[in-house]
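Working through the structure, step by step
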Amino acid sequence: MRGIHQFVPMLHRGDAVGRHALRLRDLMVARGIPSRIYVELVDPETAAETEVASAYPEARSPGDVLLYQLATASDLAPWLAARAETLVVNYHNITPPEMFAAWDNGLARHQLKARAELALLAPRTTLAVAVSDYNQGELTAAGYVRTTVVPPAAMMPAPATALTRSAPRRRGARWLSVGRMAPNKSLQDAVMALLVTRAHHDPEATLQIVGQSVVPTYTRALARFVADMGLGRAVTFHGHVSDDALNAALAQSDVLVVTSNHEGFGVPIIEAMSVGLPVVANRAGALPEVVGPAGVLVDTGDPYALAAAITDLLEDGGRVASLVAVGHAQVRALNLDTAGDRLIDLVQGLP
């Protein structure tokens, strides 16, 4: 059986791309498909799961397929473009560089490089797999000819012990935002909406922000903004947390607030729907297709509109219950449990 080997710039166990790559590897090994994960840079936490890409030529076998998990710039891109094996690109999203330029010019240049590499690989790629229709459009614009959509196989593991969802609060509502602390997430929009809510609707509303800081200048500015708005006791920054802690936060919150201006999929949305947490999200990127009819879509850049949307939802218990039911159906419709096998079947079917 032909080998399918993944290439990832750096494998992180806790992020969506890392979870996805590990899940695919495990599925392929279980199906008897030779599969290794090769990286440009080694993360000590996943060193036992990976090999450096320079070791691949010695281990290669005829008929191998190389599966590149593309979400950032890496010297792996030109290296893969120069190889002769069948190449499949699994595209997760590249945040536009202009969203980082004001905060970290070096990171903005890195995103420009990633965009260039996305185009570089197009002529060499036999199949490009996007995680959403939105990202498939980006692949087409970058020159990819054969594309398809398969959502990521990156769901957070279910908790070992079942968690009971807290009853929603109409007052003292507990908002939750989950994701990397980066400018494209526009977390300041959630903070502004919380300020409006506490002034006009619910003076005890709070916001928990869960996610790793990736742009320190943005994180520091956001913390200063929270303090300047007098919200120091209402907004809590948790940083990166364990799966158990995130499951607990989902169970104890009343609404997931997603203010991102550019999103390729949005795994936290699926995780929220899976545990019955209603979602209010921005009308941007792939968010509308992932949320579907199972949440509230609003222009989250308007703090009054976002505050009203959250307040109106939480004051309507029947609507919350309806959205929770539709959310469970939306998760089932995406067939995330079979996403990994579907992607592997597509790759195995290549000539």
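Preceding block: the structure.
Residues numbered from 1 in each chain as written. Predicted model: local features only at pLDDT ≥ 70, side-chain atom pairs only at ≥ 80, totals over all residues. Heavy atoms only, no water.

Considering the packing of helix α6 (residues 187–200) against helix α7 (residues 216–228)
The contact between α6 and α7 brings their axes to 10 Å, and the two run at 5°. By the angle between their directions, the pair α6 and α7 is classed as roughly parallel. Facing α6, whose interface residues are Leu187, Gln188, Val191 and Met192, α7 presents Tyr218, Leu222, Phe225 and Val226. (Axes fitted to C-alpha atoms, helices over the stretch in contact; angles between N-to-C directions. Helix = DSSP H or I, 4+ residues; strand = E, 2+ residues; numbered from the N terminus. Parallel < 35°, antiparallel > 145°, perpendicular 65-115°, else oblique. Contact = heavy atoms within 4.5 Å.)

Notes on the pattern of salt bridges
All told, the structure shown has 16 salt bridges when counted by the stated rule. Between Asp75 and Lys113 there is a salt bridge, and its shortest N-O distance comes to 3.7 Å. Taken together, the residues span a long stretch of sequence, with Asp75 in the loop between β4 (65–70) and α3 (76–81) and Lys113 in helix α4 (residues 105–121) at a distance of 38 residues. The salt bridge involving Arg83 is made with Glu85; its shortest N-O contact spans 2.9 Å. For the pair Arg83 and Glu85, one class covers both residues: buried. (Salt bridge = Lys/Arg side-chain N within 4 Å of Asp/Glu carboxyl O. Buried < 20%, exposed > 50% of the residue type's maximum accessible area, 1.4 Å probe, protein only.)

As for the pairing of strand β6 (residues 127–130)
Residues of β6 alternate between two faces, with Leu127 and Val129 on one and Ala128 and Ala130 on the opposite face, all of them buried. Both strand β5 (residues 86–91) and β6 contribute to a ladder of four bridges, which runs parallel. Considered in β6, the bridge of Val89 is made with Ala128. Sheet topology note: the β6/strand β7 (residues 147–149) ladder contains three bridges and is parallel. Among the inter-strand pairings, Ala128 is bridged to a residue of β7, identified as Thr147. Read from β6 through helix α5 (residues 133–141) to β7, the crossover connection turns out right-handed. (Pairing = 2+ DSSP bridges. Right-handed = clockwise from strand over helix to strand, strands pointing away.)

Let's talk about the packing of aromatic side chains
A full pass over the atoms with the stated rule returns five aromatic pairs. Look at Phe7 and Tyr38: their rings are 5.2 Å apart centre to centre, the planes differ by 20°, and that puts the pair in the stacked class. Of the two residues, Phe7 sits in strand β1 (residues 4–8) while Tyr38 sits in strand β2 (residues 37–39), which places them 31 residues apart along the sequence. Under the relative-accessibility criterion, Phe7 is labelled buried at 0%. Residues Phe7 and Tyr56 carry aromatic rings whose centres are separated by 5.7 Å and whose planes lie at 80° to one another, so their mutual orientation is edge-to-face. Of this pair, Phe7 sits in strand β1 while Tyr56 sits in helix α2 (residues 56–59), and the two are 49 residues apart along the sequence. The exposure class of Tyr56 is buried, given its relative accessible area of 0%. (Phe/Tyr/Trp six-rings, centres within 6.5 Å; stacked < 30°, edge-to-face > 60°.)

The analysis is restricted to geometry; functional conclusions fall outside its scope.
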